Amino acid sequence: MEIDCVLSAHACELNMADSSSEEIAVIGNTDLTAADSENNRNNTMAEAGTTLLRRMEISVAEAEKRTGKNAVNMQETYTVYLIETRPTETATEGQNPTPDALWRRYSEFELLRNFLLVTYSFIVVPPLPEKRAEFVWHKLSADNMDPDFVERRRAGLENFLLRVASHPVLANDKIFYNFLTEENGWKELVFETGFQAKADSRLKALNATFRVKNPDKRFTELKHYSDELQSVTSQLLRVRARVADRLYGVYKVHGNYGRVFSEWSAIERDMGDGLQSAGHHMDAYAASVDDILEEEEHYADQLKEYLFYAEALRAVCRKHELLQYELEADAQDLTSKKQQREELATGTIRTFSLKGMTSKLFGQETPEQREAKLKVLEEQIDEGENLVKQKNAECGEFVQNAWVDMERFKEQKDRDLKEALISYAVMQISVCKKGIQVWTNAKECFSKM
Amino acid sequence: MSGIIVDTTAYSAPAQETTADVSERMLELDEDDDLEVFSKGATLADGSLFSPSMPTSPASMINQFEEDTDEKDIFVTVDNPESHVTAIETFITYRVLTKTTRSEFDSCEYEVRRRYQDFFWLKGKLEEAHPTLIVHPLPEKFVMKGMVERFNEDFIDTRRKALHKFLNRIADHPILSCSEDFKIFLSAQAWELTSHKKQGPGFLTRMGDTVRAVAATVRGVKNRPDEFTAIQEYVDTFSQKITSLDKVAQRILKEQKEYLEELKECAPSYTLWSGSEEELVEPLKGVASSIDRCCSETEEQVNQLSENLIPALHEYVLCAETLKAVLRRRDNIQADLEAKGDTLANKKTEREADSKDLGFVLGSFLGKNPEEAKQQKQQRLDVEIEELKEEIDKLDDKMEFANNAMKGDWERWQRNMRGDIKAAFLCTAEKNVDYYEKCLAVWESFLLSQKSDLSMESSRDQPLALQEIAKDVTPQAT
């Protein structure tokens, strides 16, 4: 899969601390002029302007339950989501053709995302809505089949598609386009790319994290940030869920006022009317909490998106560590081979080796043997140098491209979260206004008692 | 913590006029002026002057207005709880301050200290003297629920307010306020009160009363007047409803407290987050401080509930019990009357009966002249009948008096109840409106602070295309 790379304006330098050899010292000596970097930025915008989202309306319109036989031939119930697409030109021209539509299940979305993760490992790939309901404030909505949960998932999936379709890099991906347009045979297409083979094993990644010596400091900082973001948002989500639970309790208990007032009003002559009408307002108050908490779920979903984004961010940092580690390992390998060559050529044994010991014990090699060995080593060193050069370039490219996306992500995150906080305040204001209204009405009724 | 409780600031706040300040002013004036100023003082500042911790909303003052405030000539306050430690026990006394122009009182001002026991004694005496008048309930003797210690500050204050209300209701009552026991309670020194308490019906007499009461309950009433049956039905339903309301209010308080506890965890989470961010620091901190302020508003809401609404409702739960007792006592008097009436009828029948009866046989058994025995018996019966008639006359009067007293008091009680309940709920509703208004202001000022930041940001260069896309992509609340 070709990767459309967008070059950043900065040159990257990678220094190998423990090597003295010049071949591996500095990479990416591309000195861009100011004009070039301006041009690059404009190109970015031009591409952004023509992302998929500009050309096409995308929505996840519906959700439906299906039953079918699964892989182990057992009956299962699952939900499918209707993806509708329509070219924007026709919509703006006043025509309203029926959109193209196809059905996808959650697992297909997952497959798409995994493909993107592997193929565009330098991109912070937008996350999917959660697989299972977590941070629930009320026991009811923990069920995956619950209509509210399905509805929120539908919205989350739509959001995912829109995010991908508006991403300067991801939007151009063919597999993504086919996901939206080819109902049948899409899965085969994905598997044909062989992306699964390119996926890095967890163990490999973990190993790299511990043993890498010189990762880019910016990525290390970002990794710390992603950890913090994850921990802070999950704590906030937990607290919020508990607060919502309690708020529900407070509002609902007020409903009891209504019942008792009504019964009491039956025996009162002067107070009866006032009590009765006050009771109705108490009932309204109790009922209003359902809408309030429904709206708060949207806020929670916005936080959750960034909780999951933190994971995507960390994945990019880890990929960098892995590439860097492999580069370091290859460079180390090359260095040691060169040392061996030197030893063979000068006959001095600087480092302890089994070979050295055996030759001491059993006699030196013949000149012919040494020649042969040297030749092999030279070949290996040549290969090694090419490999390191290649890896170096790969690493540098990765860092450049990833950094661009990091910047983009950072701006998006700041914008989105600020808006989320503002909409939270707006929500609270609406809650307060409702409260003022209900209790002012109740006060009216009480004053008439 | 020492056992001595000093004047709590609630009623010696310099901002409010304390009763001490007022009394000093009062003493300087002429006696006639005293009366004038007193009345004016009462109508204008009833709420704040003599019940410093009571709600001073217009609603609560309406109730006072319904009284004949121009004729109010006795004012009582209960304040200044103090702890007393003796070898045997620790107890609280309250200062009872009285100002009056009534002639039955030797002086126009009294200050005494009383403990709960004394209030309890007073209530007993009043009920004894006026069994069918409705005496306002005392706060409960023991508190079962929770871990409320008797010396907890909130508990003491709640009790003090209830005792204050108790005395004031008596002072406002046209009949009860004239009670000798009430006068002694307000004016006597500690040792005088103790010796007075020792007088009165002895133990055996009181036992006899109780036995008669139980017997009357067993006997039951045959011809209860309709209006009292109606009152009984009302009281039964009222008791149920007010008990339910009491429970509902307690439950709301509990939920509200738990909500507050959880809410307190919110602000720190936002503050923690702001530590990791750059651009988002201001909005995150803004949200954190807004939530903090809402927390303190919620705290006030909780306090209002526990200091105002719940005690008010609980008072009427106790009232319901008082009403039931009053109705029972009225019934007992009627049962007594009916029983005596039956006895009289029986004796009359006996009187008219033929001489050929047991008396004759018994008399002759004892060696008496049958004729003589019959005459003796008839004379005895006549005496008994006369005695009974006198008793019944007295009981009739007593019944009539009791019924009228009760009817009158019933009207009074209903008026008071309406006023009190209305005031309590009005206050709660007002407080809730206030709470939401304050929270609204908090969030609006947060929004304002963010809007000014936003307008600063938009002047910065941002690629328009990205901005547009941002609008498309921002998750919309469907």
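Residues numbered from 1 in each chain as written. Chains lettered and ligands numbered in written order. Predicted model: local features only at pLDDT ≥ 70, side-chain atom pairs only at ≥ 80, totals over all residues. Heavy atoms only, no water.

Colleague: When you look at the overall build of chain A in this model, what are you seeing that I'm missing?
Modeller: Counting secondary structure elements, chain A contains 13 helices and three strands. Sorting the 449 residues of chain A into buried and exposed places 47% on the buried side. Sequence-distant contacts in chain A: of pairs separated by 6 or more residues, those separated by 24 or more amount to 76%. Of the accessible surface of chain A, which amounts to about 23,100 Å², a share of 50% is contributed by carbon and sulfur atoms. (Helix = DSSP H or I, 4+ residues; strand = E, 2+ residues; numbered from the N terminus. Buried < 20%, exposed > 50% of the residue type's maximum accessible area, 1.4 Å probe, protein only. Contact = heavy atoms within 4.5 Å. Areas by Shrake-Rupley, 256 points an atom, 1.4 Å probe, with all protein chains shown as cover.)

Colleague: In this structure, what is going on with the sheet that holds strand 2 (residues 90-100) of chain B? I would like to understand it.
Modeller: Within a sheet, each strand pairs with its neighbour through backbone hydrogen bonds, oriented either parallel or antiparallel. Residue and element names in this part refer to chain B. Pairing in this open sheet of three strands is antiparallel, and the strands run 1-2-3 from one edge to the other. Looking at which strands have only one partner, the edges of the open sheet turn out to be strand 1 (74-85) and strand 3 (109-115). Sheet twist, expressed as the mean angle between neighbouring strand axes with direction ignored, is 20°. Looking at chain direction, strand 1 and strand 2 are connected through ten bridges and run antiparallel. Note that in strand 2 the partner of Val85 across the bridge is Thr90. Packed onto the sheet, helix 5 (residues 153-172) meets strand 1 and strand 2 and runs at close to 145° relative to strand 1. (Pairing = 2+ DSSP bridges. Axes fitted to C-alpha atoms, helices over the stretch in contact; angles between N-to-C directions.)

Colleague: Hey, could you run me through the interface of chain B and chain A in this one?
Modeller: The accessible area lost on association of the parts is a frequent measure of interface size. Every contact between the two is made by 66 residues of chain B and, on the other side, 70 residues of chain A. Counting each side, the surface lost to burial between chain B and chain A is near 6,600 Å², with a carbon and sulfur contribution of 72%. For the interface between chain B and chain A, the tally reads six salt bridges. Between A:Asp270 and B:Arg418 there is a salt bridge, and its shortest N-O distance comes to 3.4 Å. At the boundary of chain B with chain A, the tally comes to 13 residue pairs in polar contact (both at pLDDT 80 or more). Breaking the side of chain B that touches chain A down by element, the ones donating at least two residues are helix 9 (226-263), helix 10 (266-274), helix 11 (281-352), helix 13 (370-458) and helix 14 (464-473) of chain B. The leading source of residues in the side of chain B that touches chain A is helix 13 of chain B, at 22 residues. Each residue belonging to the side of chain B that touches chain A can be placed in one class, and the counts come to 38 nonpolar, ten polar and 18 charged. (Buried area = accessible area lost by both parts, 1.4 Å probe. Salt bridge = Lys/Arg side-chain N within 4 Å of Asp/Glu carboxyl O. Polar contact = N/O pair within 3.5 Å; in protein donor to acceptor, adjacent residues only side chain to side chain. Nonpolar A, V, L, I, M, F, W, Y, C, P; charged D, E, K, R; others polar.)

Colleague: I'm lost on the packing of helix 9 (residues 202-211) of chain A against helix 11 (residues 272-346) of chain A in this one. Help?
Modeller: All names here are of chain A. Running from N to C, helix 9 and helix 11 point in directions that differ by 70°, and their axes come no closer than 8 Å. It follows that helix 9 is roughly perpendicular to helix 11 by the angle criterion. Here Arg202, Lys204, Ala205, Asn207, Ala208, Thr209 and Arg211 of helix 9 come into contact with helix 11, specifically with Arg318, Glu321, Leu322, Tyr325, Glu326 and Glu328. Partitioning the contact of helix 9 with helix 11 into residue classes produces four nonpolar, two polar and seven charged. (Parallel < 35°, antiparallel > 145°, perpendicular 65-115°, else oblique.)

Colleague: Could you clarify how one ought to interpret the environment of B:Cys427 in this entry?
Modeller: Residue and element names in this part refer to chain B. Within the element layout of this structure, Cys427 appears in helix 13. According to the relative accessible area criterion, Cys427 is buried, its value standing at 11%. When the C-alpha atoms of Cys427 and Leu309 are compared, they prove to be 8.0 Å apart, with 118 residues separating the residues in sequence.

Colleague: What's the story with the packing of aromatic side chains in this structure? I'm lost.
Modeller: The relative placement of two aromatic rings is captured by the distance of their centres and the angle of their planes. Applying the stated criterion across every chain, the model contains 29 aromatic pairs over all chains. Taking the centre distance of 6.0 Å and the plane angle of 85° together, the rings of B:Trp443 and B:Phe446 count as edge-to-face. Of this pair, B:Trp443 and B:Phe446 both sit in helix 13, three residues apart, which is roughly one turn of the helix. Pair check on accessibility: B:Trp443 and B:Phe446 agree, each one buried. Joined through ring pairs, the aromatic side chains of A:Trp264, B:Tyr234, B:Phe238, B:Tyr316, B:Trp410 and B:Trp413 make up one cluster. (Phe/Tyr/Trp six-rings, centres within 6.5 Å; stacked < 30°, edge-to-face > 60°.)

Colleague: Looking at this model, I keep getting lost on the pairing of strand 2 (residues 75-87) of chain A. Mind explaining?
Modeller: Residues in a regular strand point their side chains to alternate faces of the sheet. All names here are of chain A. Bridge count between strand 1 (residues 56-69) and strand 2: 13 bridges; the pairing is antiparallel. Its bridge partner being in strand 2, Glu62 is matched across the sheet by Leu82. What sits between strand 1 and strand 2 in their antiparallel hairpin is a turn of five residues, with Asn73 showing a positive phi close to 60°. Bridge analysis of strand 2 against strand 3 (residues 100-105) gives six bridges, and the strand direction is antiparallel.

Colleague: What am I meant to see in the confidence of the model for chain B here?
Modeller: If pLDDT is low for a region, its predicted coordinates should not be looked at in detail. Residue and element names in this part refer to chain B. With 71% of its residues at a pLDDT of at least 70, chain B reaches an overall mean of 77. Element-level mean pLDDT values for chain B span from 37 in helix 2 (residues 31-50) up to 95 in helix 10. Counting contacts from residues 1-67, a segment whose pLDDT is below 50, to residues more than four positions away or on other chains yields 82 contacts. Every residue in residues 459-478 scores below 50 in pLDDT, and together they form 28 contacts with partners more than four places removed in sequence or on other chains. Prediction confidence for the complex, expressed as pTM and ipTM, is 0.75 and 0.80 respectively. (pLDDT = per-residue confidence, 0-100.)

Colleague: Mind showing me how you'd approach the sheet that holds strand 3 of chain A here?
Modeller: Residues and elements named next belong to chain A. What the three strands build is an open sheet, ordered 1-2-3; its pairing is antiparallel. Of all the strands in the sheet, just strand 1 and strand 3 have a single pairing partner and so form its edges. Averaged over all pairs of adjacent strands, the angle between their axes in this sheet comes to 25°, without regard to strand direction. Lying on the sheet, helix 4 (residues 106-119) is in contact with strand 2 and strand 3; it crosses strand 3 at an angle near 90°. Across the sheet, helix 5 (residues 147-165) is in contact with strand 1 and strand 2; its angle to strand 1 comes to roughly 135°.

Colleague: Just to check I follow, could you spell out the packing of helix 10 (residues 217-265) of chain A against helix 9 of chain B for this structure?
Modeller: The packing of two helices is summarised by the inter-axis angle and the distance between the axes. Between helix 10 of chain A and helix 9 of chain B, the least distance of the axes is 9 Å, while the angle of their chain directions is 170°. Relative to helix 9 of chain B, the element helix 10 of chain A is oriented roughly antiparallel. Judged by the twist between their axes, the crossing of helix 10 of chain A over helix 9 of chain B is left-handed. Tallied by class, residues from the contact of helix 10 of chain A with helix 9 of chain B come to 18 nonpolar, five polar and eight charged. (Left-handed = near helix turned anticlockwise from the far one by under 90°.)

Colleague: Before we go on, may I ask you to explain the pattern of salt bridges in this structure?
Modeller: As a working rule, side chains carrying opposite charge can pair if their charged atoms are close by. A complete count under the given rule lists 63 salt bridges over all chains for this structure. A salt bridge links A:Lys391 to A:Asp330; its shortest N-O distance comes to 3.4 Å. Placement of A:Lys391 in helix 13 (residues 367-447) and of A:Asp330 in helix 11 is noted, with a sequence separation of 61 residues between them. Each member of the pair, A:Lys391 together with A:Asp330, is buried. Salt-bridge contacts for B:Arg380 lead to B:Glu384; the nearest nitrogen and oxygen are separated by 3.7 Å. Placement of both B:Arg380 and B:Glu384 in helix 13 is noted, with a separation of four residues, approximately one turn of the helix. Here the residues in one salt-bridge network are A:Asp200, A:Lys204, A:Lys319, A:Glu326, A:Asp330 and A:Lys391, joined through shared partners.

Colleague: I'm lost on the domain arrangement of chain A in this one. Help?
Modeller: Residue and element names in this part refer to chain A. As far as domains go, chain A holds domain 1 (37-198) and domain 2 (200-449). The interface of domain 1 with domain 2 comprises 22 residues on the first partner and 32 residues on the second. Both faces considered, domain 1 and domain 2 share a buried interface measuring about 2,300 Å² in area, 60% of it formed by carbon and sulfur atoms. Among the residues domain 1 hides against domain 2, the three largest losses belong to Val124, Phe135 and Trp137. Together they make up 36% of the total. Inspection of the domain 1/domain 2 interface yields five salt bridges. The partner of Lys304 in a salt bridge is Glu130, and the shortest N-O contact between them spans 2.7 Å. Counting the contacts that link domain 1 with domain 2 gives nine residue pairs in polar contact (both at pLDDT 80 or more). Tallying contributions element by element places helix 5 first for the side of domain 1 that touches domain 2, with four residues. (Domains from an automatic or database assignment.)

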